[in-house]
Amino acid sequence: GGQILRVCTALSCLRGLPLRVRRIRAGRSQPGLRPQHLSGLEMIRDLCDGKLEGGEIGSTEITFTPGKIKGGTHIADTKTAGSVCLLMQVAMPCVLFAASPSELRLKGGTNAEMAPQIDYTVMVFKPIVEKFNFTFNCDIKKRGYYPQGGGEVVVQMSPVKELSPINLTERGIVTKIYGRAFVAGALPIKLAKDMSAAAVRCIRKEIRDLYINIQAVREPDDQAFGTGSGIIIVAETSTGCLLAGSSLGKRGKNSDKVGIEAAEILLRNLKHGGTVDESLQDQLIIFMALAKGVSRVKSGPITLHTQTAIHFAEQLTKAKFTVTKSEEEDPSKDTYIIECQGMGMVNPNL
C-alpha cells in the first residue's frame, strides 16, 4: 500500500539504505503507483539526489537509491486531487535531517478522502509533532478538492541536530471543543451552517456542559480551486492533547450526515481514553523511531496503519517498539501504551 511506500522511502532516504518495493498496491482496482505516490517518490529522489527506477504511473515495483539530503526548495505536484498531506508525511522526516533549511511546495488536494485534511495537519498534527522539538510553518496558499485538486501548500522548516522523545500518557479532561465547517466554490454557506449545527447537536448528547464553537466558513474564491465541503472538530484537553473527528461532503450526501459523521468519530476517539486519535497514531511512529530516548504514547485500539508503520520502522532503523495494554482503573477502556526506544538519529550536517 501507499503507506508502506511512504514510510520505507523516508527511512531509506534517512538511513542511506537502497530500497526495492515490489507488488505496490497490488490488490487495488488500479494497481501500482498513482500520481500522488509518484510525485512523493520524485520529491524524495530530488531532495537527496537519489536514483529511482520504475518511477512511472502504474508501476508495481520501484528501486530507490538515496544520496545526501539537501535543503532548498522542492516541488511536488500530483496534478490530481492526490493529498498534499501525504506528500508532507513522506518528506518531512527527511528534510529535518537536511544540511540547510527547506521549503516544500506541495500541490494537489488539500481536503481529500482517505487522507488527513490540511486542517487536521495544521490544527492537530502540527502542535503535537512539534513536541519532538522542531517547528515548521505551513502556509495554505490555495485549497483544492476532488476531483481536480489544484490546491497548494508551502511548508518551511529548518533542520535539527536530533529529535527529542515525547511522553503523551496523560489525557486530562476535555476543556474545549472547536472546529470549522467549510464550503467552497458553488456551494452555499447554509450547508456549512447545517454541518456545524448537526455536529453540535450530536456532541451535546454526550457532552452537555462545554461550549462548542464550530465556525461555518465559506472559503474565499481566490483561495480555493473547485467545489468542496467538509468539517473538522477538535477536542483539546487540560494536558494539551488534541483529538479530532472530520468528514467531507460529497454529491448526494446530506450535510447533516457529514456533521454527525465527524462528531461521531470525535466522540469515539474521546471514549477510549488515549491521548491521540486514530489518525495521529501512525503518523507519530516514524518520529518516535528517529528520536533519541524513550517515547511513550497512550492510544486507543492500535490501527493497522500503526502496526504497519511500527513493523517497517523496526526493519529500517534500530528502534525497538513495544505495545502493551494499558493497566487502567477502568477495564472497559480499550487503551494501549506504545513505547519506543528511538534510534537517536543524528544529523551529520549540523
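Residues numbered from 1 in each chain as written. Predicted model: local features only at pLDDT ≥ 70, side-chain atom pairs only at ≥ 80, totals over all residues. Heavy atoms only, no water.

Caption draft 1: Spotlight on the pairing of strand β13 (residues 242-248). For β13, the tally of buried residues reaches 6 of 7 residues, placing the bulk of the element in the interior. By the bridge criterion, 7 bridges tie strand β12 (residues 228-237) to β13 in an arrangement that is antiparallel. Paired with I231 across the two strands is S247, which belongs to β13. Following β12, the chain reverses through 4 residues before pairing antiparallel with β13; G240 in that reversal takes a positive phi of roughly 85°. (Buried < 20%, exposed > 50% of the residue type's maximum accessible area, 1.4 Å probe, protein only. Helix = DSSP H or I, 4+ residues; strand = E, 2+ residues; numbered from the N terminus. Pairing = 2+ DSSP bridges.)

Caption draft 2: Representation of the nonpolar core within the structure. Core analysis: the largest hydrophobic core is formed by 80 residues, its most contacted members being F132, F134, F136, L163, L284, F287 and F321. Take this core: its biggest share by element is 9 residues, from helix α3 (residues 84-95). Residue-level mapping places this core at the junction of two domains, with at least three residues from each of domain 1 (174-271) and domain 2 (273-349). Every residue in contact with F132, bar those within four places of it in the chain, is listed here: L163, S164, I166, L284, F287, M288, A291 and S295. Counting residues in each nonpolar core, the second largest holds 24 residues, with I212, I233, C241 and A263 among its members. (Core = buried A, V, L, I, M, F, W, Y, C linked by side-chain atoms within 4.5 Å. Domains from an automatic or database assignment. Contact = heavy atoms within 4.5 Å.)

Caption draft 3: Layout of the UniProt feature "active site" (unreviewed entry) in the protein. Residues given the UniProt feature "active site" (unreviewed entry) here are H305. Looking at where H305 falls in the secondary structure, it is placed in helix α9 (residues 304-316). In contact with H305, not counting residues within four places along its chain, are Q3 and D282. (UniProt positions renumbered as here; feature names shortened; annotations may be inferred.)

Caption draft 4: The arrangement of the sheet that holds strand β2 (residues 51-53) in detail. Across the sheet, which stays open at both edges, the 3 strands sit in the order β1-β3-β2 with antiparallel pairing between neighbours. Each edge of the open sheet carries a strand with a single partner, namely β1 (19-21) and β2. The average undirected angle you get between the axes of adjacent strands in this sheet is 10°. Of the strand pairs in this sheet, β2 and strand β3 (residues 62-65) are connected by 3 bridges, and their pairing is antiparallel. Paired with L52 across the strands is F64, a residue of β3. Most of the contacts of helix α2 (residues 35-47) go to β2, to which it runs at about 150°, and overall it touches β2 and β3. (Axes fitted to C-alpha atoms, helices over the stretch in contact; angles between N-to-C directions.)

Caption draft 5: The arrangement of the sheet that holds strand β11 (residues 224-225) in detail. Pairing within the open sheet is mixed, and its 5 strands lie in the order β4-β5-β7-β6-β11. Pairing within the sheet leaves two strands with one partner each, and these edge strands are β4 (72-77) and β11. In terms of strand pairing, strand β5 (residues 102-108) meets strand β7 (residues 151-157) through 7 bridges, oriented antiparallel. Of the residues in β7, the one forming a bridge with R105 is V154. Sheet strands touched by α3: β4, β5, β6 (136-144) and β7. Its angle to β5, the strand with the most contacts, is close to 160°. Sheet strands touched by helix α4 (residues 118-129): β6 and β7. Its angle to β6, the strand with the most contacts, is close to 170°.

Caption draft 6: Examining the packing of helix α1 (residues 2-15) against α3 more closely. Running from amino to carboxyl end, α1 crosses α3 at an angle of 20°, the nearest separation of the two axes being 8 Å. What the angle tells us is that α1 and α3 run roughly parallel. Here α1 runs over α3; the crossing is right-handed. Residues R6, T9, A10, C13 and L14 of α1 touch α3, and the partners they reach there are L86, Q89, V90, P93 and C94. The class makeup of the residues in the contact of α1 with α3 is 7 nonpolar, 2 polar and 1 charged. (Parallel < 35°, antiparallel > 145°, perpendicular 65-115°, else oblique. Left-handed = near helix turned anticlockwise from the far one by under 90°. Nonpolar A, V, L, I, M, F, W, Y, C, P; charged D, E, K, R; others polar.)

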